[in-house]
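Survey of secondary and tertiary structure
Read off the chains here:
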Amino acid sequence: MVNDSPLDNEWIVRTHGGNVRKGDVTVKFDVVIAPGVRSIDLEIDLITAKLLAFRGLTGNDARYDSGATIPINNRNYFAFVRWRHARGIERNAELTKDDIDDLVKDLEVGGIVGLPPYRQRLAELIQKIETGEFEIPFYCKGNKKYARKEPLANALGAPHTRSLPASVSHDLDDFIRGQGLSIQPRKGAGQDDEEDDLVNEIDEGALSENRIISFLTAPQLLFYYRKYLTHDPIKFEPFEGEDGISKIGKSICRVAAERSFTTPAYQACFLVNQAITWITTYFDEIRDFTNDLDDTIKKYEALNHWRPTEAAFNERLREDRDKYTTAPGSWWPIHPSYFAAPGWTTNISEYRPALRPVLFELLATAALVVIAAFAARRKEEMGSLKADCISTVDGEFWLETWISKNLHGMDKIPVPTTVKKAVDVLLWLSEEGRLSSESAWILDFAEFVVVGEGSQASNPAYRFYDGLDRFAEFVGVPLIDGKRWIPKPIEYRRFFGMTYFHRFHYPSLVALSDFYRHFNPTRTRGYITEIAYGTVVTRQGVSAERRKRAERRVDNFAQDRLKDFEECGLQFRLAIVRDAITGEGYLTGFGGTTIVNDAKKQVDDYKAQINLGPGEDLDRPTLNNVLGVMVKPMSFEPHPAGHGLCKCTGKTQDLATANCVRSWKEAYPNAPAPSGPVIEFATESACGLCVHNMQLQCNRRWWADALEHEKHEREHALLPFLREIAAQRAAMIDGVLKRCHPDPKS
């Protein structure tokens with residue numbers, strides 16, 4: 001805790017040891033519960049909320065490894081209290097099993113935002129306004145009066161407007177307009193708003209399984225921490241543990257007919273290409289223009305010009321007319337002003353950009369897109385990069401970054417030169433901000449262009465979602481079926497894996513998992529084989545036929561995604577076999593050699609059919625067509641350990657000759673036959689001598705490292721039998737190396 005006392009009704013908790021930008025989270029205990037009732041009025045619940053927050057991070061039975069979880073659970077608990085209070089239940093000790101059953105039913109009908117009776121309360125509030133018992137608070141801006149909706153939400157018993165069901169909020173807006181008032185504009189896009197209520201930001205019909213589980217965990221914790229909650233103990237376990245909560249989530253929600261976050265390849269490549277162009281070509285131009293403009297503004301200020309910024313822009317536009325790159329998606333020509341025109345955010349494609357959005361929206365976003373695409377970092381990880389995040393080891397660049405999941409700590413990953421360039425862009429943009437705030441975060445931006453006396457502009461606050469949306473629209477990302485694709489940061493993390501694994505000639509699932517910092521190849525595999533994503537509420541009264549139609553839509557989308565994946569896999573297999581027979585790469589191992597020989601024979605047979613001479617080769621498209629038919633039904637499955645690929649399928653004849661299956665049958669002679677290769681028995685010795693084993697260039701490093709290890713054990717193991725085992729393994733590994741991996745020096 002950063003603040004002094006747990007008795008305070010607002011805690012500030014520092015998370016992750018200061019390694020995360022804006023890592024201090026606020027836990028608010030003074031919130032609205034019902035009309036005219038706040039949590040501080042309910043002393044028993046206030047004590048319960050603070051004990052749940054404290055015990056969640058403290059002691060042997062603490063459940064959370066990060067303070068960032070506490071505000072979410074705290075909001076979940078108070079959302080539960082709102083429901084309980086609306087039912088007239090004053091304490092948790094008064095709850096019954098029937099109450100919890102009703103809670104689940106209410107969730108299924110209205111979602112979390114529909115738990116309190118907001119519709120009834122709105123009718124009562126409207127009546128009070130019409131009779132003069134309540135006045136709508138407002139403020140004036142220009143010649144308009146804007147209603148303040150936040151106090152109105154509080155009057156309905158909601159902590160803020162985003163906690164209201166959409167239908168209730170719309171009806172409230174209509175009533176406000178009917179009173180001659182305008183609606184208070186909402187700030188920005190909510191995704192990056194730190195004040196977003198993670199429980200209630202959803203619409204009344206958009207519940208997902210994870211949201212339900214998160215919400216229902218709050219009453220379950222009352223039972224888990226009951227020994228600390230003696231002032232108001234719940235008398236029973238609300239659900240049958242975490243499995244019980246998960247079952248409820250699955251019963252209320254189901255997979256929706258939506259495509260996954262996997263990025264559309266053409267649009268993503270287009271956007272990444274534009275981002276690279278911005279940081280490699282346009283960045284130097286933008287920096288030169290900005291420096292020249294700054295000097296010109298200072299010149300006119302020294303001359304006491306009455307509008308120095310405007311005069312400087314006009315001079316620079318005249319003199320630099322033909323100096324900078326003009327192309328689709330280029331920043332030039334620029335609008336002759338520093339601040340964006342009023343319509344910039346709503347008509348980006350119709351306006352030339354002013355300098356401020358060029359700097360702190362478009363250029364900053366281009367840099368982050370490059371980092372996301374080539375370093376595969378999450379949004380919060382990129383947001384926490386520091387000024388010294390790039391280091392050099394043996395001429396290679398490494399990025400020091402916070403790993404927000406699994407590791408929960410700092411780590412270094414290898415990155416290409418483009419990521420170093422992107423970091424340099426952000427360092428330039430944040431130089432003034434880091435100096436003024438004495439921080440090291442490279443997204444701490446501040447104005448560094450002189451824009452005239454008396455300017456009250458606040459420092460630029462970067463929002464990644466807004467930036468991605470605007471950058472994609474500005475550079476003209478191609479439409480998908482007439483609709484504009486709006487990218488999300490996580491898509492580039494997955495796109496990195498798909499691109500690497502299915503396009504790179506020698507991929508390694510283990511290497512990709514390590515780069516992601518998953519430390520689990522199975523989890524990484526989900527990134528490159530994901531089929532469908534999404535959630536939708538199953539409401540009461542939905543007919544069985546409607547559910548069947550939804551299931552068919554899900555199946556159709558799943559098949560579409562599977563086709564996409566299979567196409568990528570086909571191109572991957574095709575590239576491996578084609579490179580092996582053309583000499584651009586190699587495919588060895590007993591299984592790989594068989595495939596190469598079959599491919600060569602197929603190519604020779606085709607050349608004979610079209611009367612092609614022995615010295616003549618097929619052109620690339622024809623070669624692809626010939627080999628594509630052959631490799632389409634094949635399986636090139638990488639071993640999670642990284643020592644090879646396997647061509648074994650689930651066919652009986654393949655399984656009968658697989659070494660791992662034979663070993664499994666020896667261990668479990670009476671068990672049913674497996675339906676595919678058995679990974680736990682697929683050791684390097686079993687795979688290295690298997691008829692299905694394939695070796696690529698990327699696997700050579702694994703075998704070379706293993707050989708060095710066994711040689712060391714052969715010489716230095718403490719016991720003779722260990723040295724003998726090491727000698728046998730070294731001989732086996734050396735044999736695989738000599739047979740499958742030609743010496744690169746020879």
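For the structure, see preceding data.
A quick note: this is a predicted structure, and the numbers were derived from the prediction, not measured.

Scanning all chains against the criterion turns up 24 aromatic pairs. With centroids separated by 5.5 Å and ring planes inclined at 20°, the aromatic side chains of Y139 and Y146 adopt a geometry described as stacked. Seen from their ring centres, F289 and F313 are 6.4 Å apart, and the 50° between their planes marks the pair as tilted. Of this pair, F289 sits in helix α9 (residues 265-302) while F313 sits in helix α10 (residues 308-319), placing them 24 residues apart in sequence. For the pair shown, F289 and F313 are each scored as buried. What links up through ring pairs into an aromatic cluster is the set F289, F313, Y324, W331 and W332. Sitting over the face of the ring of Y228, R55 holds its NZ or CZ atom 3.9 Å from the ring centroid.

On to the side chain of N76. As for its placement among the helices and strands, N76 is situated in helix α2 (residues 69-86). In this structure the side chain of N76 is engaged in a polar contact, spanning 2.9 Å, whose partner is the side chain of S214.

Once that is clear, we can look at the pairing of strand β5 (residues 138-141). Note: β5 against strand β6 (residues 144-147), four bridges, orientation antiparallel. Note that in β6 the partner of K141 across the bridge is K144. Hairpin remark: β5 followed by β6, antiparallel, with two residues in the connecting loop; positive phi at G142, about 65°.

Empty space among the atoms becomes visible once a probe the size of a water molecule is rolled across them. For the structure on display, the rule yields four cavities of 30 Å³ or more. Computed from the structure, the largest cavity encloses a volume of approximately 100 Å³. Surrounding the largest cavity, ten residues form its lining, L52, A53, N73, N74 and L221 being those nearest its centre. When residues of the lining of the largest cavity are traced back to their parent elements, those giving at least two are α1 (43-57), α2 and α7 (209-224). A class-by-class count of the residues in the lining of the largest cavity yields eight nonpolar, two polar and no charged.

A separate point is the state of the cysteines. Note: disulfide means a covalent bond formed between the sulfur atoms of two cysteine side chains. If you walk through the whole model with that rule in mind, you get zero disulfides. With no disulfide of its own, C646 lies closest to C648 among cysteine sulfurs, the gap being 4.9 Å.

This part takes up the sheet that holds strand β14 (residues 645-646). Across the sheet, three strands lie side by side as β13-β14-β15; this open sheet has antiparallel pairing. In this open sheet, the two edge strands, each paired with only one partner strand, are β13 (637-638) and β15 (693-694). Taken together, the two bridges between β14 and β15 define a ladder with antiparallel strand orientation. Across the sheet, residue C646 finds its bridge partner in β15, namely N693.

Take the nonpolar core next. Judged by nonpolar contacts, the single largest core of 68 residues is most densely connected at W278, W331, I371, L426 and L429. Breaking this core down by element, the ones donating at least two residues are α9, α10, α11 (355-375), β11 (409-415), α13 (417-437) and α14 (464-475). Tallying contributions element by element places α11 first for this core, with 16 residues. The residues touching W278, leaving out its near neighbours within four places in the chain, are F283, I286, G329, S330, W331, V358, L362, L363, A366, F471, F474 and V475.

To continue, consider helix α4 (residues 118-130). Under the 1.5 Å per step criterion, the end-to-end length of α4 is 18 Å for 13 residues, consistent within 8% with the ideal 18 Å. Every buried residue belonging to α4 is among Y118, R121, L122, L125 and I129, and all of these are buried. For α4, the angular spread of buried residues about the axis comes to 105°, placing them on one side. Seen from the open side of α4, the exposed residues pointing more than 90 degrees away from its buried face are Q127 and E130. Considering only its buried residues, α4 is in contact with β3 (32-34), α2, α5 (149-155) and α6 (166-178). Positive phi appears at G132, one or two residues downstream of α4, with a value of about 85°.

Right, let's get into helix α25 (residues 720-740). Across its 21 residues, α25 extends 30 Å between first and last C-alpha, which sits within 8% of the 30 Å expected from 1.5 Å per residue. When we look at burial in α25, the residues that qualify are A726, A730, M732, I733, V736, L737 and C740. Summarising the contacts, the buried residues of α25 are in contact with α19 (589-609), α23 (684-688) and α24 (700-716).

Attention now goes to a nonpolar patch on the surface. Among the surface-exposed residues, L718, L719, F721, L722 and I725 lie close enough to one another that they form a single nonpolar patch of about 510 Å² accessible area. Mapped onto the fold, F721 is located in helix α25. With a relative accessible area of 48%, F721 lands in the partly exposed category.

Under the defined criterion, the tally for this structure stands at 27 salt bridges. The partner of R177 in a salt bridge is D174, and the shortest N-O contact between them spans 3.6 Å. Within this pair, R177 and its partner D174 are both found in helix α6, separated by three residues, close to a single helical turn. Overall, D174 belongs to the partly exposed group, its relative accessible area being 49%. K299 is the partner of E315 in a salt bridge, and the nearest nitrogen-oxygen pair spans 3.1 Å. With E315 in helix α10 and K299 in helix α9, the pair connects residues that are 16 residues apart, well separated along the chain. Under the relative-accessibility criterion, K299 is labelled partly exposed at 39%. Beyond isolated ion pairs, a larger network of salt bridges with shared partners links R87, D99 and D102.

This brings us to the pairing of β6. For β6 and strand β7 (residues 182-183), the ladder comprises two bridges, and the chain directions are parallel. The residue bridging A147 from the neighbouring strand is I183, located in β7.

Definitions and cut-offs
Residues numbered from 1 in each chain as written. Predicted model: local features only at pLDDT ≥ 70, side-chain atom pairs only at ≥ 80, totals over all residues. Heavy atoms only, no water. Phe/Tyr/Trp six-rings, centres within 6.5 Å; stacked < 30°, edge-to-face > 60°. Helix = DSSP H or I, 4+ residues; strand = E, 2+ residues; numbered from the N terminus. Buried < 20%, exposed > 50% of the residue type's maximum accessible area, 1.4 Å probe, protein only. Lys NZ or Arg CZ within 6 Å of the ring centre and 35° of its normal. Polar contact = N/O pair within 3.5 Å; in protein donor to acceptor, adjacent residues only side chain to side chain. Pairing = 2+ DSSP bridges. 1 Å grid on protein atoms, 1.4 Å probe; cavity = no way out; pocket = protein on both sides within 12 Å on 5 of 7 lines; lining within 4 Å. Points joined across faces, edges and corners; volume = space filled by probe spheres on them. Nonpolar A, V, L, I, M, F, W, Y, C, P; charged D, E, K, R; others polar. Disulfide = S-S within 2.5 Å. Core = buried A, V, L, I, M, F, W, Y, C linked by side-chain atoms within 4.5 Å. Contact = heavy atoms within 4.5 Å. Expected span 1.5 Å × (residues − 1). Arc of directions from axis to C-beta. Patch = residues over 30% accessible without salt bridge, like charges linked within 9 Å, V, L, I, M, F, W, Y side chains within 5 Å. Areas by Shrake-Rupley, 256 points an atom, 1.4 Å probe, with all protein chains shown as cover. Salt bridge = Lys/Arg side-chain N within 4 Å of Asp/Glu carboxyl O.

Coordinates in, geometry out; function isn't part of it.
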